[in-house]
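# Remarks on the overall topology
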Amino acid sequence: MGGAGLLPIIALLPFLGALVPGVMIRAGRNAAATFTAIPTFLALLMLLTLAPGVMDGQVLQKSFSWFPPLGLSASFMLDGLGLMFAVMILGVGLLITLYARFYLSNEDPAGVFFTYLLLFQGAMLGIVLSNNILMLLVFWELTSLASFLLIGYWRHLPEGRQGARMALTVTGGGGLAMIGGMLILGDIAGSYELTDILQAGEAIKASPLYLPALILILLGAFTKSAQFPFHFWLPHAMAAPTPVSAYLHSATMVKAGIFLMARLWPVLAGTDPWFYIVATTGLITMVLGALIALFKDDLKALLAFSTVSHLGLLTMLLGFGTEAAAVAAVFHVLNHLTFKAALFMTAGIVDHSTHTRDIKRLGGLLTLMPITAAIGIIAALSMAGIPLFNGFLSKELMLEEASHTSWWESPWIVPVLATFGALLSVAYSFRFIVHTFLGKPRDESIDHPHDPPFGMWLPPALLCVIVVAVGLFPAAIAGPIVDMAASAVTGTEIHTHFALWHGITPALIMSGIAIFGGLILLALHAPLDRAWLATPRPEAKRLFDGAMAASVRGTRVIAEGLHSGAISRALAVFVVTTVASGLIAFFGRGLPEVSRPLLPIPPVAAAGWLLMVAATLSVILLHRRRFLALVVISICGLMVSIGFVYLSAPDLALTQITVETVTILLLLLALHYLPKTTPADSSVALRIRDGVIGVSAGVGVGALAYAFMRRDVPSISDYFLENAYSGGGGHNVVNVILVDFRGYDTFGEIIVLGIAGVIIFALMEVLLRGRAGRRLRNWAFSEDRSRDRHPLMMVVGTRVMLPIALLVGVYILLRGHNNPGGGFVAGLVFSIALLMQYMASGFAWTMDRQRWEYHSLIGWGVIIAGLTGAAAWIFGRPFLTSAYGYIDWPWIEEFEWATAMAFDVGVFLAVLGAVMLMLYSLSRMARYAGETVNLEPMDYDPSQKSVQTERAPQERGVPTEGEEL
Amino acid sequence: MIETHWIIAPVVLPAILAPLLAWVMRHDIVLARSASLAGAGGLVAIAVGLLNLAAGSGEQVYRLGDWPAPFGITLVLDHLSAAMVLLTSVLGLIVLIHAVATGWDNRGRHFHALFQFQLMGICGAFLTGDAFNLFVFFEILLIASYGLMIHGGGRVRLQAGLQYVVMNLAGSTLFLFALGTLYAATGTLNIADLAVKVREIAPEDAALVRVAAMLLLIVFAIKAAVFPVQFWLPTTYSNAPAPVAALFAVMTKVGAYAILRFYIIVFGPDVAATGTLPEKWLFAGATITTVIGAFGVLGARRLMSMISFSVIFSMGTLMLAISAFTPDATLAALYYLLHSTFATAALFLVACHILARRPSADLLHASPPTVQNGIFAALFFAAAIGMAGMPPLSGFLGKLVVLKALIPWEHAEIAWVVILGGSLVTIVGFARAGSMLFWKSTAEPVTEPEEDAPEPEDAPRPATALALAPAAVCILMMALLSALAGPVTRYLGVAVAQLYDREGYIAAVLTPPEDGDRPVDAGIALEAEEAAAQEDVTVEDEDGLTTGVIEEVGQ
C-alpha cells in the first residue's frame, strides 16, 4: 500500500495551512491567497501521485487508533469515489482561491476569509477521505461550522447573519440526526470502519434497525444537499460572497449528502424504503427547484434553485438503486460541478462590474463583457443540456434511467416529471442567457460594465474548457474517471461507453421535448411571471423566522419564567419532591421488627416536651415580631439542651447550650440593624400551601426519626466505647470521637466556622462600601438610644464575670479529654464572656481594648490543628494520628498528655476567632452607624455628678477611608 | 508507605495556606497572589503525583488517625478520585490565573483564602471514603463557594447568593437526615462498610435504607442541578463573578461524582433493598434537566444566564449517561464530565472578558463592538462549539460516546431524542447569541469620541495576553481531550473497572493494615451481641406478621 501514508497528510494540510492566512491577517490579499493556494496545491499534487494506483483499482488505507471505546479511529481511505471528490475539492479550491483574490475588496479581511476557506476545504476533504463513519461525522459537522462562518462573512449584513444561522440550524440538525443514524449503522455492522460496513450490506438491510438508521442518515444527507423540504436554507446561504457560493453551495459542500448516499449506496440502496424515500424526494426537489428557479430574478437565487434542482436530480438517480443510474449520478456530479461553478463565478463577475444581480435590470452584456458572456453562455448551455456540452450527456443518461423506472406501479410518473424538470431547466438556463447577455441593456443607470481582470475570468474559463472537452470527447476524458468512481460506488467493475449519439432513444425524444418546451416556456415568461408573482406561496424564510421566534418565546417562559430565582418556590418544589420520594421509597418495603420498647413518660419530660411544642407554635404565631420570636426560639434551644441532659449526654448539652447562647446573642445584635417586624407579603392561599408543605415535611421527619429510634442496629459505636481510652487516651468518648476517631471531620468543621467568620467580614466590607453603608451612616442612630446604654449593674457584673468565665473556659478546655467539655465548648464560653463585654460596655469601648486580631485567632486555630495532625507524619503515621502518655510532675502529680489536646486548642482558637470575627463585623456596623466611645466605663456613673458620653467628633470610632482593621 | 501520605496533601496544603492568606497576607495583594498561585500550582503537582500513584496500583487507602475502617475516617485514592482531584487542581489554577490577571481577586476581601478553602473542600469531597466526612466537605465547599459567589458584592449578586445558600443549606439539612437514617439502618458510615451492610438487609425490612437512598439522591441532585432541584443554578451562576462561576464548573461535578460513588458501590442495582428505584428517578430527572437546559440556552436573554442553562444542559446529558449505570455508560459519562468542566469554564471565562467591555453588560443585545471584538468572537465561538458538542473539540466526541454507550439501554430512545434534540436547540441558541454579540454589533455605529475629549476613565481596555490565556487554555484542554481521547479513556476505563469492582473496593478499605497496632473490631462482646441480634431477626422473620402488614399498606 505505497502512498497510503500520504492520506492523513493530505487531509491535514488544509488545516495546517489555515493557520497561515489567519496569522498573516494584515499582509493583504495577495499573500493570503498565495498561502491558501500553496497547501491546496501541495495536497492536490500528493493526491495525483496516488491517482494511478487508485485508477487501477487499489484502495489505499491508513489507520490510527483514536478513541477505542467509541469505535472511532483516525482511519483514512482513498478509492475511486474519494479520489474523484478529493480532486474536485482541491481543484475547484485552487480556482476559487484565484477568483476570490480578485473578488474580495480591499476592505474585506482577506486573511479571515482564506482561513475559513481552508478550514472548509480540510473538512470537506476529510469527509471524502474518511474510512471511519464517526470521523466522517466529525468532518461533516465541521463543514457546517465552516459554512456558517463563510455565509456570515459579511457580518454587518443581516441577510448574511440570518442565512448563516438558518444554514447551521438546518444542516446542523441534519448532522445530529445523522449521528444517530451512523451510530446505529455501526452498531448493526459491529464496526464503524467503512470498509467493514460495506461488507455487511446484507446484514444491515435485514436488521430491524435498518429503517431508523436509513431515515436518520438520509435526514443528514437531505439537509446537507438541500433536498425538499429542507431546501430552503440554500438560497439564503447565497448571502455569502460569491466564491463561497460557487465553492460550498454548488460545487462541493452540498454534494456531501450526495457523496454520502453514493458512499453507502451498496449498503443502503436497493430496498423499497430507499427507493421511495430517496427517489421521490429527489424527483420532487428536482421539479420544484427548477420551477422556482425560473421565476427568480436574482442571478444567484436563480442559480441556487437550479442547484437545488440538480441536487434533486442526483438524489433521484441514486434513489433508483440501479447501477446504471449510479453511473449517471457520478457523471452528473462531475458535470454539474464544472458548469455550475463557472456560472456562479460569472454571476459574481456580473455583480462585480454592474453592481446588480437583478435579471430584470440586466441585458445586452454580450457586447459589453464578451469574455464573461462567452463563459456564461457555454456553461448555461451545458446546464440546459444542449448537445456538445457535458450537461447534455449526463442529462441523457438521467432521462434514459427515468424512462424505465416505474413508481408505485405507474410507468409514467417518473419519466413525465423528469422530462418536465428538464424542460424547466432548459427554460431557466436560456432565461439566464437571454435576459442577461442578449438583447439590449435595459437599465441605463448601470455604469460601463466591463470584463474583469484576467485572474477573475480565468477560473470559470478553465471550467468551460472542461465543459466543452467532456461534451465533445466524453469517453476519452470523463470515461476513466467515471469508471473509477462508479466502480467504487457500486462495488462492481463498471465500464462506461459514453457517446454523443446513441440513435433515437426515448431519452433523446424526451430531451427534444424538454428543449422545445423550455424555449416555448421562456417565450411565455413575462405573463407566467406575473401569474407566479400573484400566486400566494409559502415563504420559507418567514415560516422559519416565525417558528424560531415562537420557540424563543416559548423557551423563554420555561427558562426564565421558571428560574426567576424565587426561593420559596424552589424550596417548595424541593420539599415536595423529598417528601414524595421518601414516601414512595418507604412504602415500597417494610420495616424490621421493633426492638426497643417505649420508655415511660415522666412528668418532667412531658413538661419539657409541652414547652417545646408550645414554643414552636408560638414562633409560628409571633414570627412577625422578631425580637419576641427570637426569645421564643431560644426556649426551643434550651429544651433541647435539657433534653440532652435528661438523656445523659452532658457533652451535647454543654455544646448545645453554649451554641444556643452565642447564636441568640449574635442574632439579637444583628436584629438591632434590621426592621423589628416582618411584613406579610404573601397571600393567604400561598401561606396555606406553604403550611401544608411544611407540616408534611415535619411529619415526615418526625415519623422517620420515630421509625429508627424504635429499632436497634448493630453499629460501629461499640468500638468507640471500647477504644476511646486505650487508643485515644481519653475517658470522654464524645471528645475522643471529636478530636481523634473523627478528628478529620472536626478539622473540617472548624474550617467551616473559620470561613463563615471570614465571609461575614468580607461581606461587611462590601456592604459598608455600598448602599447599605450610606444608609447606616445617615441613620438617626442616636435618636432611639437609651440614655443609659451601659447600665451600671451590667457593666460591673460582666467585668466581674469575665475572669471567672475565662477560667471556666480554660478548665473546660483542659478537662475535655476525660470529662464533658473540650475545645469547642471552651471557645464558645470564651466568646460568651467577651460578647457580654460588648453588650454591656458597648462595641467601641470593647474594641478599643482588644489587642488580638480575630483573623489571627482563626488562622492559628486551623494551623495548630493542621500541624498537630501533620506532626504524625514525622512518626510515619497518618494525618491526625494521636499519641498520649503520662508525665510526672514532681511534687504535684502525674499528668496525662495527649496530642489531641493540641488539636483541641486549635479547635478552641478557631471557634473563638470565628465567633469574635462575626461580632467584630457587627461592631463595625455599629461604629459606622455612629456609635460613640464612652470615656467612662458606663454612661451613668452615680459617683460622678456629670455625664460624659461623647468625645469630639474626630475621635468618633468611624473608620476613616482606607483604614484597615 | 510514605507516598500514601500524599493522599491527604490536596486537603492539608490549601487548609494551611488559606488561613495564612486570610491572616498574614491579607494586606498585601501581591504576596497573597504569589502564595495563592504557588499553592494552586503545588496542588496540580500533587494531583499529578497522586494520579501516578493511583495508576500504579489498586485503591490506596489512607486511614486518618491510624484508625481502621470502618471506625475511623478513610480516604480512598483510586483512578477515579485521582482524576477528579487533578481536574479540580488544573481548573483551579486556570481560574486563579484568570482572576489575578483580570483583577477580580481584588474586588473584595479574602478572595484567595476562600479560593483555597474551596479547592480544599472539593478535593476532600473527591477523596473521602466516608459518608459523614463527605457531608463535612460539602459544608466546606458550600460555605466557601458562598463566599466566592458574593465576592465583590452588588445588590443582585447578594440576593442571588442568599438564594444559593438557602437552597444548599436546605440540601445540607437533608443530607444530615439522610445520613441519620442511613446510620440508623446500617450502623455505619464508611462507604465500603455501607456497601456490605446494605446488602445484608432483607428486602422486606428495607424501608429505612430505601428512604435514605432516595434522600441522598436528592442531596446529590441539588449539587448536580438535576430537575426538580436545579432551580437555584441559573440565578446563582449568572450572578456570580464570572471566574467564580468558571470554578463552579467542577462543583456540579461533585454531585455527579457522589452519585457515581454511592449508587454504584453502595446502592447498586444488585442491592435487593433499593433495586433500580434511584436509577429510575435519576433518569426521569436527567431527561427533564436536559430539556430545560437546552430550552434555557435558546430562551435566555442574558449571556451569563444562557451559559448557566448550558451548564444545566450538560449536567442533564451527564446524568443521563450516569443513570444507565453500566460500565460503558459510566466511562462515557466520565469522559463527558471532564469535557463539560472545561467547556463550562471556558465559556464563563470568555464571558468575563466580554462583559467587562460591553456597555450593555450581559444583555444579549447588539451594542457597538468592543476592543478585540475578533479575539473574543473567536474564543466565544470555540467555547460555544465545545459546549454545544460540535467538532473538533471534545464535546462532540463526548456526546457520541454517551449516545453509543446508551444504545443497549431500555430508555435509549428517549435519551437519544433528548440529547440530540437538545444539542440542536443549544447550537441554535449559541449561534443566535454569538451572531448578536459579535456580528450584529459590528453594524452598530461606534460613537467616535471627540478629538479633544478626555479619555473616558472606564473605557474598555484590551485584555492582556495573560488575561486571555486561561480561557484559551480551557479550550486547549478540550482540544487535548479530543486528540488524546484514546489515552484518556484508557485511564478512565481502569477507573470504571475499579468503580464497578465493588468487592475490590470493599476489600481494600476494610482489610486491616498489616502493620496496624489498633484493634480492628469492636471485640468479642460485640460479636456475641451481633449473633444474638441475628438470631432475633430470624425468629421475628418467621412469624412475619409486622412486615406483612406494612407491605400491604405499601401496596
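Residues numbered from 1 in each chain as written. Chains lettered and ligands numbered in written order. Predicted model: local features only at pLDDT ≥ 70, side-chain atom pairs only at ≥ 80, totals over all residues. Heavy atoms only, no water.

- Under an unreviewed UniProt entry, chain A has the name Monovalent cation/H+ antiporter subunit A and belongs to Pseudoroseicyclus tamaricis.

### Some points on the overall build of chain A
- A count of helices and strands for chain A gives 40 helices and four strands.
- Against the globule reference of 30 Å for 965 residues, chain A gives a C-alpha radius of gyration of 43 Å, more extended than a compact globule.
- With the C-alpha coordinates aligned to their principal axes, the bounding extent of chain A is approximately 130 × 70 × 60 Å.
- Split into buried and exposed, the 965 residues of chain A put 55% on the buried side.
- In chain A, the share of contacts with a sequence separation of at least 24, taken over all contacts with a separation of at least 6, comes to 79%.
- Per element, the accessible surface of chain A, about 39,200 Å² overall, is 69% carbon and sulfur.
- Each charge sign in chain A was given a centre, from 57 positive and 61 negative side chains, and these centres are 10 Å apart. (Helix = DSSP H or I, 4+ residues; strand = E, 2+ residues; numbered from the N terminus. Rg over C-alpha atoms; globule rule 2.2 N^0.38 Å. Buried < 20%, exposed > 50% of the residue type's maximum accessible area, 1.4 Å probe, protein only. Contact = heavy atoms within 4.5 Å. Areas by Shrake-Rupley, 256 points an atom, 1.4 Å probe, with all protein chains shown as cover. Lys, Arg positive; Asp, Glu negative; His and termini not counted. Charge placed at Lys NZ, Arg CZ, Asp CG, Glu CD.)

### Thoughts on the interface of chain B and chain A
- Counting residues at the interface gives 148 residues for chain B, matched by 119 residues for chain A.
- Across the interface of chain B and chain A, roughly 11,900 Å² is buried in total on both sides, 73% from carbon and sulfur atoms.
- The interface formed by chain B and chain A contains four salt bridges.
- A salt bridge links D130(B) to R742(A), with the shortest nitrogen-to-oxygen separation between them at 2.5 Å. (Buried area = accessible area lost by both parts, 1.4 Å probe. Salt bridge = Lys/Arg side-chain N within 4 Å of Asp/Glu carboxyl O.)

### Comments concerning the pairing of strand β2 (residues 74–77) of chain B
Residue and element names in this part refer to chain B.
- Of the two faces of β2, the one holding T74 and V76 and the one holding L75 and L77 are both buried throughout.
- As paired elements, strand β1 (residues 60–63) and β2 share four bridges and run antiparallel to each other. Bridge pairing in β2 places Q60 opposite L77. (Pairing = 2+ DSSP bridges.)

### Side note on the confidence of the model for chain B
All names here are of chain B.
- Summary statistics for chain B give a mean pLDDT of 87 and a share of 89% for residues scoring 70 or more.
- Per-element confidence in chain B is highest for helix α3 (residues 79–102), whose mean pLDDT is 96, and lowest for helix α22 (residues 545–554), whose mean pLDDT is 36.
- pLDDT under 50 marks residues 524–555. Its contacts with residues more than four places away, or in other chains, come to 18 contacts.
- Across the interface, the model reports ipTM at 0.91; the global pTM reads 0.92. (pLDDT = per-residue confidence, 0-100.)

### Quick look at the domain arrangement of chain A
- Domain boundaries assigned for chain A yield domain 1 (273–536) and domain 2 (732–965).
- Taken over C-alpha atoms, the centre of domain 1 of chain A sits 88 Å from the centre of domain 2 of chain A. (Domains from an automatic or database assignment.)

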